[in-house]
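Letter by letter, the chains look like this.
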Amino acid sequence: MDAQAREDFRSYVVARSGPLLRTAYLLTGSRADAEDLLQTALAKTYLSWDRIRDREAVDGYVRRVMVNTQTSWWRRRKVDEHPTDVLPEHGGGRDSTADLDLHDALWSALALLPKRQRAMVVLRYYEDLSEAETAAVLGVTVGTVKSTTSRALAKLREDSSLLTGSADDPRTSLPTGASA
Amino acid sequence: MSPIDDELRAALLRRATVVPPSPDPLAGIERRATRMRRNRVAASVAGSALAVAAVVTAVPLLTTPGSTGPDSARFASDGPSASTVPTPGPTAPSAPPTGGPTPGATGGSATSRYALDLDAPWPYRGAPLPRLGDGTVETIARELGVRHGVEASAVDLVPLWGQVDEPAQVAELAFAATVGGEQRWGYAVSSGAGPEFVVDRPLPVPALALAAALPGDEVPRLVVVASPEVSALEYGPDEASEFVAMTGLADGVATTPLEGDRATASYRALDASGSVLVRATVPALAGASGDPEVPAGAEPPVPTNVVDWPRRGAVPDDLRDRAVAAFAQEAGVPVEQVRVRLLFGAERDGRRFVLLQGWYGGDARAFAYSEDIADGTSAYALSDPTAPGPSLLAALLDDVLLVVPEPAAGQVLYAPDASSEPQAVADQGTEAAVLIDRPPTRTDDVLLVLDGDGDPERPLFRGSVEEALAASR
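Residues numbered from 1 in each chain as written. Chains lettered and ligands numbered in written order. Predicted model: local features only at pLDDT ≥ 70, side-chain atom pairs only at ≥ 80, totals over all residues. Heavy atoms only, no water.

- Chain A has the name RNA polymerase sigma factor in an unreviewed UniProt entry, where uncultured Frankineae bacterium is given as its organism.
- Of chain A, the UniProt comment under Sequence similarities (unreviewed entry) reads exactly: "Belongs to the sigma-70 factor family. ECF subfamily." (UniProt positions renumbered as here; feature names shortened; annotations may be inferred.)

Structure representation (structure tokens):
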């Protein structure tokens, strides 16, 4: 990598690491894992920087590496997980308002989704990618994005913590048939 | 737009905004990138000085057909010394491709003495295994099992060649293995996050030489692992050039840098009489699966929609082969391009059943196969690409419904129509994977799959059979 390319990469990291770290956090649910995931993805991007002709497409490349790496980490760590008596600390505090209770419940339910489903939810609802863009990032078909996202939303709806509120409250009696 | 869409967006945004940016986002990236690069190329760094020496000594050979250099990858075995062995040049009639020049694979003559037999494998060569790191071989075996969705006990790994890049302490291991009954070979490189499988392929038959083209810092490198009894390993950079000796790393193991156009580059192994045991084109550049840098032509990575469930039930080899052949035929691709993961096997009422996921480059698809033991007639069903993270895979073969739920599943219940209470399907000894009689006239039957806790309020799946069939696609 020549000096100009290295400077380009540095500029990209400075400009985009904040948003990408937030995406990594939503994928992992842990600040420490998010930083590690993002650093891994950016290191791979660094190695490929000279081959990435379209600088507009770098975000998509990094997202794809993050999702693939996150899935890989999950596969590796699955056998090393240890149950604990204490729930891990969440990044945000708990508010008393109904809105924030629901958001906390959604966040908790999101953590229970399979990694690929979680990734699709993050890409679709946080990154606001279209179904086609999400499919491109994940290397799957648009149909797969539709069906998987639909299944993820169905699981979120079924989560008991989301169904404990008033049935009159549209936010806590989450509807079926939401478009993915 | 529905309320859950808005709430999801709001919840994710709220969580994301509490994450402060890193104070120094650049810190560590270049260092980690350098470590990754070293992981992938450790041997080329270590061997570059040797490679340069080999190239220098090989230069005169370009004008001396039929000879090899004294510093060649010739291995003292029971054959004559390197300097006295007549070696056919690339234009010699005695050097035709033997067994077909499939990239990265090996063909071969009937020289079974040189072929890898996992019942009596080649001896391990290279750095002593303890130098590769505590538990490295065991870790690679375990990760290989995870990668292929089989228990660690179903992986029998045979180390073939190993080395350690001293400055970075990066271990490399070429190995053969039986993975859930399938013979494979691979090349793993250690990294901070665990072994990285830069090669993971079915073991060719016969396996006379295992070749991997690996990324390098400056140029890629070719590593060939063969029987320690082969006399020479040579490299032909293109069709017009003569074969030159590769740099020997151990008896039957050699490397060479890959420069220029690799499309027509090839390698070959010779026996002590100078006869060509195997000749093949250089395989496509290897890469870590799951990494979007994997170039076209490399062994396709395992698709992300392949489930990592253990196999339930038994699948005899002959049945497996026919099921795979049927999948390839139905998919319209040559069987050698097909990769599968066997998920279920059972036999009932004179029929044998198999459920697998198969792929040949894109997403994996579920494939169900059955055959009548008496007359051999078969039936099969190919699904659309499997959605990632399915709760179950289901298929309908004539009047039998195959249901293979995720490993966490407990009991499977079935009702012949929507108005009936689902009844538990009797345990069939295949860990919740079951066969259910289902006359074709049924249209509103219901399937219920409970999780391991058996909580009917939180089933893994509840819906019509039609929905189950759709959900497994």
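## Points about the pattern of salt bridges
Residues and elements named next belong to chain B.
So, step 1. Scanning the model with the defined rule gives 21 salt bridges over all chains in all.
So, step 2. As a salt-bridge pair, Arg184 and Asp200 come within 2.8 Å of each other at their nearest N and O atoms. Within this pair, whereas Arg184 is found in strand E4 (residues 182-189), its partner Asp200 is found in strand E5 (residues 196-202), the two being separated by 16 residues in sequence.
So, step 3. Classification of Arg184 as buried rests on a relative accessible area of 5%.
So, step 4. Classification of Asp200 by relative accessible area gives buried; the value is 6%.
So, step 5. Note that Arg322 and Asp318 form a salt bridge whose closest N and O atoms lie 3.3 Å from each other. Highlighted residues: Arg322 and Asp318, both in helix H4 (residues 317-331), separated by four residues, approximately one helical turn.
So, step 6. We classify Arg322 as partly exposed; its relative accessible area is 35%.
So, step 7. For Asp318, a relative accessible area of 36% puts it in the partly exposed group.
So, step 8. Members of the salt-bridge network, linked through shared partners, are Asp318, Arg322, Arg352 and Glu371. (Salt bridge = Lys/Arg side-chain N within 4 Å of Asp/Glu carboxyl O. Helix = DSSP H or I, 4+ residues; strand = E, 2+ residues; numbered from the N terminus. Buried < 20%, exposed > 50% of the residue type's maximum accessible area, 1.4 Å probe, protein only.)

## Some words on the sheet that holds strand E7 (residues 221-226) of chain B
Strands in a sheet are paired, the pairing made by backbone hydrogen bonds, and the direction either parallel or antiparallel.
Residue and element names in this part refer to chain B.
So, step 1. As summarised here, the arrangement of the four strands in space is E6-E7-E11-E10, forming an open sheet in which the pairing is antiparallel. Each edge of the open sheet is held by one strand with a lone partner, namely strand E6 (209-214) and strand E10 (247-250). The mean angle between the axes of side-by-side strands here comes to 20°, regardless of whether they run parallel or antiparallel.
So, step 2. Here E6 runs beside E7; their pairing, made up of six bridges, is antiparallel. Bridge pairing in E7 links Leu210 to Val225. (Pairing = 2+ DSSP bridges. Axes fitted to C-alpha atoms, helices over the stretch in contact; angles between N-to-C directions.)

## Brief notes about the packing of helix H1 (residues 3-28) of chain A against helix H5 (residues 115-125) of chain A
Residue and element names in this part refer to chain A.
So, step 1. Where H1 contacts H5, the two axes come as close as 9 Å, and the packing angle between them is 145°. By crossing handedness, the relation of H1 to H5 is classed as right-handed. Along its contact with H1, which presents Thr23, Tyr25, Leu26, Leu27 and Thr28, the element H5 presents Arg118, Ala119 and Val122.
So, step 2. In terms of residue class, the contact of H1 with H5 is built from five nonpolar, two polar and one charged. (Left-handed = near helix turned anticlockwise from the far one by under 90°. Contact = heavy atoms within 4.5 Å. Nonpolar A, V, L, I, M, F, W, Y, C, P; charged D, E, K, R; others polar.)

## Observations regarding the sheet that holds strand E17 (residues 378-385) of chain B
Residue and element names in this part refer to chain B.
So, step 1. The sheet built from four strands is open, its strands ordered E14-E15-E16-E17 with antiparallel pairing. Across the chains shown, the open sheet's two edge strands, defined by having one partner strand only, are strand E14 (339-348) and E17. Taken pair by pair, the neighbouring strands of this sheet meet at an average axis angle of 15°, ignoring direction.
So, step 2. Relative to strand E16 (residues 365-372), strand E15 (residues 351-359) runs antiparallel, the two sharing eight bridges.

## As for the pairing of E6(B)
So, step 1. Of all six residues that make up E6(B), six are buried, and the element is covered over most of its length.
So, step 2. Burial along E6(B) is two-sided: the residues B:Ala209, B:Ala211 and B:Ala213 and B:Leu210, B:Ala212 and B:Leu214 are all buried.

## Brief notes about unusual backbone geometry
Excluding glycine, a negative phi dihedral is what most residues carry, and trans is how most peptide bonds are arranged.
All names here are of chain B.
So, step 1. In this structure, Asp398 takes a positive phi of about 55° despite not being glycine.
So, step 2. By relative accessible area, Asp398 is classed as exposed at 52%.
So, step 3. The phi dihedral of Glu431 falls on the positive side, at around 50°, and the residue is not glycine.
So, step 4. Summarising the element assignment, Glu431 is placed in the loop between strand E21 (423-424) and strand E22 (434-437).
So, step 5. In this structure Glu431 comes out as exposed when scored by relative accessible area, which is 56%.

## Considerations on H4(B)
All names here are of chain B.
So, step 1. Over its 15 residues, H4 runs 21 Å from end to end, which matches the ideal 21 Å to within 8%, given 1.5 Å per residue.
So, step 2. Those residues of H4 that fall on the buried side of the exposure criterion are Leu319, Ala323, Val324, Ala326, Phe327, Ala328 and Ala331.
So, step 3. Contacts made by the buried residues of H4 are with E14, E15, E16 and E17.
So, step 4. Phi turns positive, to about 80°, at Gly332, one or two residues after H4. (Expected span 1.5 Å × (residues − 1).)

## A short note on the nonpolar core
Residues and elements named next belong to chain A.
So, step 1. With 54 residues, the main nonpolar core has Val62 and Met66 as its most contacted residues.
So, step 2. The element best represented in this core is H1, accounting for ten residues.
So, step 3. Each of two domains, domain 1 (3-78) and domain 2 (98-162), supplies a minimum of three residues to this core.
So, step 4. Residues within four places of Met66 in sequence aside, it is in contact with Leu20, Thr23, Ala24, Leu27, Leu37, Leu38 and Ala41. (Core = buried A, V, L, I, M, F, W, Y, C linked by side-chain atoms within 4.5 Å. Domains from an automatic or database assignment.)

## Structural notes on the environment of B:Phe175
All names here are of chain B.
So, step 1. Within the secondary structure layout, Phe175 lies in strand E3 (residues 170-179).
So, step 2. Linking Phe175 and Ala188, residues 13 residues apart in sequence, is a C-alpha distance of 8.1 Å.
So, step 3. Ignoring sequence-local partners within four residues, the contact set of Phe175 consists of Ile140, Leu144, Leu157, Val158, Pro159, Leu160, Arg184, Trp185, Gly186, Tyr187, Ala188 and Phe197.

## Topic: the packing of H1(A) against helix H2 (residues 31-48) of chain A
Axis angle and axis distance: for two packed helices, these are the angle between their axes and the distance between the axes, and together they describe the pair.
Residue and element names in this part refer to chain A.
So, step 1. Taken N-terminus to C-terminus, the directions of H1 and H2 make an angle of 145°; their axes are 9 Å apart at the nearest point. Taken as a pair, H1 and H2 cross one another with a handedness that is right-handed. Residue-level contacts link Arg6, Phe9, Tyr12, Val13, Ser17, Leu20, Leu21, Ala24, Tyr25, Leu27 and Thr28 of H1 to Arg31, Asp33, Ala34, Glu35, Leu37, Leu38, Leu42, Thr45 and Tyr46 of H2.
So, step 2. Of the residues contributing to the contact of H1 with H2, the split by class is 13 nonpolar, three polar and four charged.

## Digging into the packing of aromatic side chains
Two aromatic rings, taken as a pair, are described by how far apart their centres are and by the angle between their planes.
So, step 1. According to the stated counting rule, one finds six aromatic pairs over all chains in the structure shown.
So, step 2. Relative to B:Phe197, the ring of B:Phe175 lies with its centre 6.2 Å away and its plane at 85°, an arrangement referred to as edge-to-face. In this pair, B:Phe175 is assigned in strand E3 and B:Phe197 in strand E5, connecting sequence segments 22 residues apart.
So, step 3. When its relative accessible area of 6% is taken as the criterion, B:Phe197 is described as buried.
So, step 4. Between the aromatic rings of B:Phe327 and B:Phe367, the centroid separation amounts to 5.4 Å while the plane-to-plane angle is 65°, which identifies the pairing as edge-to-face. Of the two residues, B:Phe327 sits in helix H4 while B:Phe367 sits in strand E16, which places them 40 residues apart along the sequence.
So, step 5. One aromatic cluster is present, formed by B:Phe327, B:Tyr360, B:Phe367 and B:Tyr380 through successive ring pairs.
So, step 6. It is A:Arg118 that lies over the ring of A:Trp107; its NZ or CZ is 5.4 Å from the centre.
So, step 7. Taking the ring centre of B:Phe243 as reference, the NZ or CZ of B:Arg268 above it sits at 4.1 Å. (Phe/Tyr/Trp six-rings, centres within 6.5 Å; stacked < 30°, edge-to-face > 60°. Lys NZ or Arg CZ within 6 Å of the ring centre and 35° of its normal.)

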